[in-house]
Amino acid sequence: MSKRLHNTLIDLMVVVGADQNTSLIPFLNDNHPEGRDLFSTRFEQHVLASISSHTAIMFSNQTTESQLDPNYPHELWTQQNKIKGLKLGPKTPEPSDSHKNSTHRYRRKTMASIKLAVTMATRRVSTDRNMELQIISSEVLSSLRHFCFPDGYQVHSTEQKSHVHYLVLTDVTGARSYATCMTIYKKLYATKENKVGTDEKSYMLSGEPNVLSEECYTPYCVVLISKYPYFSVMKDCLSSLEAKLRMLYEDMEDFTMTLQTYAFRLATTPVPPSGTLAVAFHLDDITVTLSPALTPGRPVVDFPLSLPFNFFSIDKILEIFTCVITQQRVVFASCNYALITLVMESFLYYMLPFKWYGTYVPILTTNMLDFVGAPGYFLMGVNGRHKETISETEGLVVVDIDEGTVEICQSLDLPSLPDEVAQDFKTTYTNIIKNQNQQPVISPDKPSPLSYEDFKKTIAKNENEVNQKIQNIFLDLMVDLFRDVSQFCHPNENLFKKSKFLECKGEKPTRDASQASQFSQASGFFTTVCETDLFKKFLNDRLKEKKDYWTERHQLTDVHGVRNPSKNKSSSLQKLSSSNAPLYPLLSRSPCLEEYTLPSQFDHKDLTSFYQFIKEELEGRLAVCANRTSLSASYYYLIGLLRVAIGLTHEGLATLNQLTAHDNRIYPKEIIEKIIRLLNKDERNKLKNKYQSKQLQAIIANIEKTSDSGHHHHVIMEFDEIPQNDVDIIHFQQCIRRLQLGLIDIDTIESLFASLTIGQNHLHAKVQSQTFSDFYDCWKDNEIKCEEIREIPGIELDPNEDILKVSSSITTNFGVGQLGFTQRSVFFIKQGCSGFEYKVKFTEIEDIQKMSYFSVLSRNSDTLNITNKGEINGKKIFIAYLSTDRNLWYMLIDEMWKGKQWADKTREPGVVQQAAQNVLLLDAVVRSLQDNCGQKAQEGANMLAYFRNIFDNGIHGLNKNKNFGSQKLVHRINPNEKEPEKQTIESLLYTSGYACDGSDETEMPKLWCGMGRGKVRVFDASSWKLFDSTVNAIDRVLCLMKVGQNVWAGSRDHIIYVIDIKTRQCNQKLEGHTDMVCDMTMSTDGKIAYSASLSGEIIVWNTTNFSKVNNFILKTVSAICCHDGLLWCCANNKRTIVAVNQCNGGLMVSHSYNNREFDCFLISSTNELWVGFKHIGEVCIWNINNLNKVPLRTIKVTSRGINCMIQVGNRIWAGGKSSTVSSSRLQETEKQPLKDKDNTTSSTVALSVAKLHIIETREYTVKDIEAHGDSIRCMCTAENRYVLTGAGSRDGRVAIWRANDTIQEGATIINYF
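If you're wondering where the values come from, they're calculated on a predicted model, not measured in any experiment.

Trainee: Please explain the packing of aromatic side chains as it appears in this structure.
Mentor: Each aromatic ring pair is summarised here by two numbers: the centre-to-centre distance and the angle between the ring planes. All told, the structure shown has 52 aromatic pairs when counted by the stated rule. Ring centres of Tyr-350 and Phe-474 lie 4.0 Å apart, and the angle between their planes is 0 degrees; on these two criteria the pair is classed as stacked. You can see Tyr-350 sitting in helix H9 (residues 337-350) and its partner Phe-474 sitting in helix H12 (residues 452-482), a full 124 residues away along the chain. In this structure, Tyr-350 and Phe-474 share a single accessibility class: buried. Aromatic ring contacts, followed pair by pair, group Phe-354, Phe-482, Phe-488, Phe-496, Phe-501, Phe-525, Phe-526, Phe-535, Phe-538 and Trp-550 into a single cluster. Geometry around Tyr-220 places Lys-186 over its ring, the cationic atom sitting 5.2 Å from the centre. A cation over an aromatic ring shows up here: Arg-298 above the ring of Tyr-549, its NZ or CZ 4.8 Å from the ring centre.

Shown next as structure tokens:
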């Protein structure tokens, strides 16, 4: 027997009702059943059958044991040999004493009947561990029979039409199952039982009438239960089944056989993954198609999402949406049970990616109405006739589907959506969806469908288009509402700054959601949402930097990836409704679905043969669709699970693992975890040893790590409490990061800690709780004063300009008023005047001095003198009389001024923000310490005045040839922005911009930075804005390469991550290396790519379908490149340059030089081999056609080694290793004495400097630039006009240099920089 297939259409078929084997037993909770006749009494429901892919169980009231069919399912293959001995009972059973006395026994037994079914199903094949996996939880099934007949089980005097309703069943773990129920009626005859000593009425049922019997129509409900919400598909299947059952209910053997046949076929039909592959199968006279979910991570949609719009106005839709997303107690009411579930499901689709975790019961039975009085939030559905009853319950929102109304309890003060967002939504819906609905289902210019199947396909296609647009409109609504969340998420600290987020939304933060009503409309909405479990789970995903469809849509609708909340930008919905914008560039692409039609199970000898046949057919299809990545991924998914189902578990897991190379988004991690859990320890070890897949290894390790299974990931929403105890450096870092006092890296935090613990032993130092409190109070006090200045009329500052410090009222040579400064300028506001009386940019300041003036009438006055380069209001010098605060103000303004000078000198704008941060810390530290110890305050300030120390110690002279260096340097950027520690920039790649096909959109150029801890940070190279999103590898990203519309990132974790350039998301992973991926290159025609691992393994890849073409082994490879049909490699522990055949790795050339260790090489445009040495400051050059031992030329450079080289035009740029340079040498270069604050000679300060060597390929002359504060680890070129260099972790920045001194006349300049 085959094992279980884990992705089947249904898990179970259950039949509930009454038949010839059961009595009609009055329901226990029915009041006064003795006063009612047969047709007004409610009876108990009976579980008649439970059928899965491997087990069929029939229940009978006449026996104490449920009957497990021992011949199921293999007897289904032999239609002529009906199952014998497994009948639901004789057609006309005679009453017996045991039967008459069975009523009480049945009541004790019936609640456990389905649990017994599940137990027996899991025991079916005890030797098969896969079958021990419980398909549906027993708690879900135990309540199922009541939901099959929500109004109670009753028989009827006249024939009733069959009808359908839908259920969503949730177990204690929160896992949901979806059920479609079809109620069918059959004619039976009921005979009243006369019981001695009891008033209870019960009836015998029979297929034949007798003198005492009454004719009645008894209902039975056939239920299909699935993990997938294929409501319409299951309805079609039940409709086909219903037609047969109506003809067979008198023949119980055929009736049973038909049920088992249908259940078996549906329970062995595989469901496709998200993508472009649909699975079809024939069921009697109909064809059923299982369409995939088009977007990974989203559930499949198999019913019209437009359904609520048929009953509610768009304003009511938004009102209900708001009630759901703010977690209210919502009850949906309708007289049509089927409608309730589908409408409720629609609203859960609308709010994706928010997911409902509260109580969710789409249908409440008549006996469960008291559930609406339960505490907490919930979504429930009731029959419309109970509306008045439930409306009396306090705190409910009642949604009447039939009337299209929403009734909100008067005690609730609910917020509404922000007006702007709501209006955008209405406009977009009107422009797109209404226009779609006005189109005829069958176009006048198209042939009419001539069959029901064709008509059904036309209807389905139209419905899918509408569903897709509705999903996109609501997704854009969610993006517009919560796009700013990412700006206030700090993943490293697992922190979300809720108060800042609420402020950016124009509201006053409050911890109590009930206070939201006293604020603005928008503030009430966001304040309430932030308190919900829905938002917290969504927030948790953002803090984990989850990449999903919401992230992708967010990025595509946000031009630079970093959205300034203070600036108004067009919403995603506005872009959608714009006639010039491409319609749904991400999600509304109508993919061309490939369809695979399953054969009949009974065309094969058994289930294993059936699965084997499908597997082989799909493998054949896979071989011919290698260039269609999405389709290939779907085939790998199905083939892998089919291999597991036929017993090839290891091979199946290996096949599923290949999804990482095609579409990692559909990697079935949960299914794989279930499969691996069923393996014993020896089997797991074999799996680990056989397959070195990182993802499989991680899953196995996670399963075996049982001690951490109960770990809870806690999200910190706010941090308002100052520590009550003294804190060491570790806890201090946590506190400071949670307080978010600027963008503080670990070096700054450690300096701050040292400044607050002066005089303590650094090994045991702790910041006292009172000191911490004083520091924080000083910080917040300054923040409040600075905000008050912005309220003064006439004060106009740039939105990105922050007031850093403002004085109390002082006297100046411009009058009496307040002195202040921002990160750009110093200003003075005169009392009684609007606007600035004096304002000078830091770039316009010539000097800042501390002075003292003496007067006969007063003591000496300490002043701060600011000398301008020009006159302001007729004065060149600004004099501020600051008395005791003079030294503090001098230190603060001087730090900001010198920080600005450093930023201009190094072309790094981010330095300005760092200087501003230093100023704020300086101010808070000095003021918090000066009352207790002035000396400590001064020492603490000196530790934080970073830029003053640089200038005072003479470390500001970066370049010996300053004119040449400053001419070359264009800009500096910091990929370590927002990181707690600086990381090495291991690799760089520039991708140019381009126009998107079929639209007016353009893709911006990007700079990709592979970081030392596994992140890939991306900049928009047109503005140098750092995108929020990152791709996270497990370990260092050592190399980057552009392949088509993707970027390949080779990592130390042995994996190549395939990143989509447009979305910046990794949807594929290429595995195969057993050591770190150290370099990659591509053939001249771009059809083949090569990746090298340090162990010497070279893998050859097809760049079209990312398949592995070949591999060969060399000895320890560190770098590779393609040239003139050969693959050149730095091999043999970096001591040999070899050239091998690109196809098979056959050795063609081998070259070494005095056993020296190479670190990098390149082949120039003039066929010269340039080699940089690891430990020697030399570059050697050979002709590749004549690799003699003696080089053509040896160029000596001043670095102690060469890390990387790149050619641009006629120049070779070589990045050197860092070396230590003393500040005294730099001062000699500047010809200035090195003085400290007391005018005495200061000690020498060591500085790490890495040089960039620019070598002319014609004259072999060298120009040096002192470029970075750590070794230059990587380089790349931008359109041969710029060279970009990345440095080690002590520097952690990227520098952009001009590749040519001059631009040729007539050249077209695109100012991306």
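Trainee: How do you make sense of the nonpolar core when you look at a structure like this?
Mentor: Generally speaking, nonpolar side chains in soluble globular proteins are found buried as a group. Counting residues in each nonpolar core, the largest one holds 200 residues, and the members touching the most others are Leu-24, Phe-321, Phe-332, Phe-354, Phe-482 and Phe-535. In this structure Phe-354 touches Ile-325, Met-478, Phe-482, Val-529, Leu-534, Phe-535 and Phe-538, once residues within four positions along its chain are discounted.

Trainee: Is there a simple way to think about the environment of Leu-641 in this case?
Mentor: For Leu-641, the position within the fold is in helix H19 (residues 629-645). The sequence separation of Leu-641 and Thr-655 amounts to 14 residues, and the corresponding C-alpha distance is 8.5 Å. The residues touching Leu-641, leaving out its near neighbours within four places in the chain, are Leu-5, Asn-7, Leu-656, Ile-671 and Ile-675.

Trainee: Before we go on, may I ask you to explain the sheet that holds strand E36 (residues 1056-1060) in this structure?
Mentor: The strands that make up a sheet pair up through hydrogen bonds in the backbone, lying either parallel or antiparallel. In spatial order, the strands read E34-E35-E36-E37; together these four strands make up an open sheet with antiparallel pairing. Each edge of the sheet is formed by a strand with only one pairing partner; in this case those strands are strand E34 (1037-1043) and strand E37 (1066-1070). Ignoring which end each strand starts from, the neighbouring axes of this sheet average 25 degrees apart. Both E34 and strand E35 (residues 1046-1051) contribute to a ladder of six bridges, which runs antiparallel.

Trainee: I keep staring at the side chain of Ser-1118 and nothing clicks. Help me out?
Mentor: In this structure, Ser-1118 sits in the loop between strand E41 (1108-1113) and strand E42 (1119-1123). With relative accessibility at 16%, the residue Ser-1118 sits in the buried group.

Trainee: Explain the pairing of strand E47 (residues 1168-1173) here, please?
Mentor: Side-chain positions along a regular strand alternate between the two faces of the sheet. Buried residues dominate E47, accounting for six of its six residues. On E47, burial covers both faces: Glu-1168, Trp-1170 and Gly-1172 on one face and Leu-1169, Val-1171 and Phe-1173 on the other are all buried. Pairing analysis gives five bridges linking strand E46 (residues 1158-1163) to E47, with the strands arranged antiparallel. Following the sheet pairing, Phe-1158 is matched in E47 by Phe-1173. Linking two consecutive strands that pair antiparallel, namely E46 and E47, is a turn of four residues; a positive phi of about 60 degrees is found at Asn-1167 within it. Two elements, E47 and strand E48 (residues 1178-1183), share five bridges in a ladder whose sense is antiparallel. When the bridges of E48 are listed, Gly-1172 appears paired with Val-1179. Hairpin connection between E47 and E48: a loop of four residues separates the two successive antiparallel strands.

Here is what the cut-offs are and how they apply
- Residues numbered from 1 in each chain as written.
- Predicted model: local features only at pLDDT ≥ 70, side-chain atom pairs only at ≥ 80, totals over all residues.
- Heavy atoms only, no water.
- Phe/Tyr/Trp six-rings, centres within 6.5 Å; stacked < 30°, edge-to-face > 60°.
- Helix = DSSP H or I, 4+ residues; strand = E, 2+ residues; numbered from the N terminus.
- Buried < 20%, exposed > 50% of the residue type's maximum accessible area, 1.4 Å probe, protein only.
- Lys NZ or Arg CZ within 6 Å of the ring centre and 35° of its normal.
- Core = buried A, V, L, I, M, F, W, Y, C linked by side-chain atoms within 4.5 Å.
- Contact = heavy atoms within 4.5 Å.
- Pairing = 2+ DSSP bridges.
- Axes fitted to C-alpha atoms, helices over the stretch in contact; angles between N-to-C directions.

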